[in-house]
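Residue strings, one per chain:
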Amino acid sequence: MIRIAILWLINALAVYATAHLLGGINVRNFGAAVVVALVLGFVNAVLRPVMVFLSIPFIIVTLGLFLLVINALMLQLSAVLVDGFSVDGFWWAVAGSLVISIISWSLSSLLTL
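Residues numbered from 1 in each chain as written. Predicted model: local features only at pLDDT ≥ 70, side-chain atom pairs only at ≥ 80, totals over all residues. Heavy atoms only, no water.

Enquirer: I would appreciate a short explanation of the nonpolar core in the present structure.
Expert: Burial of nonpolar side chains together is a common tendency in soluble globular proteins. Val 15, Ile 25, Val 27, Leu 75, Phe 85 and Val 87 are the most contacted members of the largest nonpolar core, which has 25 residues in total. Counting residues per element, the ones that place at least two in this core are helix 1 (2-21), strand 1 (25-27), helix 2 (30-46), helix 5 (66-81), strand 2 (85-87) and helix 6 (90-111). Top element by residues in this core is helix 2. It accounts for 6 residues. Ignoring any residue separated from it by four or fewer positions in sequence, one finds Ile 25 in contact with Thr 18, Ala 19, Leu 75, Phe 85, Ser 86, Val 87, Trp 92 and Gly 96. (Core = buried A, V, L, I, M, F, W, Y, C linked by side-chain atoms within 4.5 Å. Buried < 20%, exposed > 50% of the residue type's maximum accessible area, 1.4 Å probe, protein only. Helix = DSSP H or I, 4+ residues; strand = E, 2+ residues; numbered from the N terminus. Contact = heavy atoms within 4.5 Å.)

Enquirer: Could you clarify how one ought to interpret the UniProt feature "transmembrane region" (unreviewed entry) in the protein chain in this entry?
Expert: Using the residue numbers shown here, the UniProt feature "transmembrane region" (unreviewed entry) corresponds to residues 29-47, 54-77 and 89-111. Taken end to end, residues 29-47 has its terminal C-alpha atoms 26 Å apart, with 89% of it in helix and 0% in strand. The span residues 54-77 carries 79% helix and 0% strand; its end-to-end C-alpha distance comes to 18 Å. (UniProt positions renumbered as here; feature names shortened; annotations may be inferred.)

Enquirer: Quick question: what am I supposed to make of unusual backbone geometry here?
Expert: The bulk of non-glycine residues show a negative phi, and the bulk of peptide bonds are trans. A positive phi angle is found at Leu 63, which is not glycine, with a value near 55°. Within the secondary structure layout, Leu 63 lies in the loop between helix 4 (56-61) and helix 5.

Enquirer: When you look at the environment of Pro 57 in this model, what are you seeing that I'm missing?
Expert: Mapped onto the elements of the fold, Pro 57 is located in helix 4. Sequence-wise, Pro 57 and Val 39 are 18 residues apart; in three dimensions their C-alpha atoms are separated by 27 Å.

Enquirer: How do you make sense of the packing of helix 2 against helix 5 when you look at a structure like this?
Expert: Geometrically, a packed helix pair is captured by the angle between its two axes and the distance between the axes. At a minimum axis distance of 9 Å, the contact between helix 2 and helix 5 shows a crossing angle of 130°. With respect to their mutual orientation, helix 2 and helix 5 come out oblique. In the crossing of helix 2 with helix 5, the sense of the turn from one axis to the other is right-handed. Note on element contacts: helix 5 touches helix 2 through Met 74, Leu 75, Leu 77, Ser 78 and Leu 81, opposite Val 39, Leu 40, Val 43 and Asn 44. A breakdown of the residues in the contact of helix 2 with helix 5 according to their chemical character gives 7 nonpolar, 2 polar and no charged. (Axes fitted to C-alpha atoms, helices over the stretch in contact; angles between N-to-C directions. Parallel < 35°, antiparallel > 145°, perpendicular 65-115°, else oblique. Left-handed = near helix turned anticlockwise from the far one by under 90°. Nonpolar A, V, L, I, M, F, W, Y, C, P; charged D, E, K, R; others polar.)

Here's what the structure looks like:
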């Protein structure tokens, strides 16, 4: 249970840092980033597997690059659901999903979770 809470906080830090690094992604405060991390985790756990399954042909044809599109859509959906978090466009969502993934992977690696 503590591991899940730590990963949730790592993702919140990644969202917060990404909002400060990229101009097209905005978060009101760290509390909103925590909510975004929760919603993003829920969306990725529930909706993303369905999207991946339904788009397997596109994923195969694009050699996996279509997964970036799915990640961007999940980030944009989170922006719609959370007040205080916004993504200015699709390409900002693609960049944001990449940066969030890199930051959360780096922090998780540092903590060896």
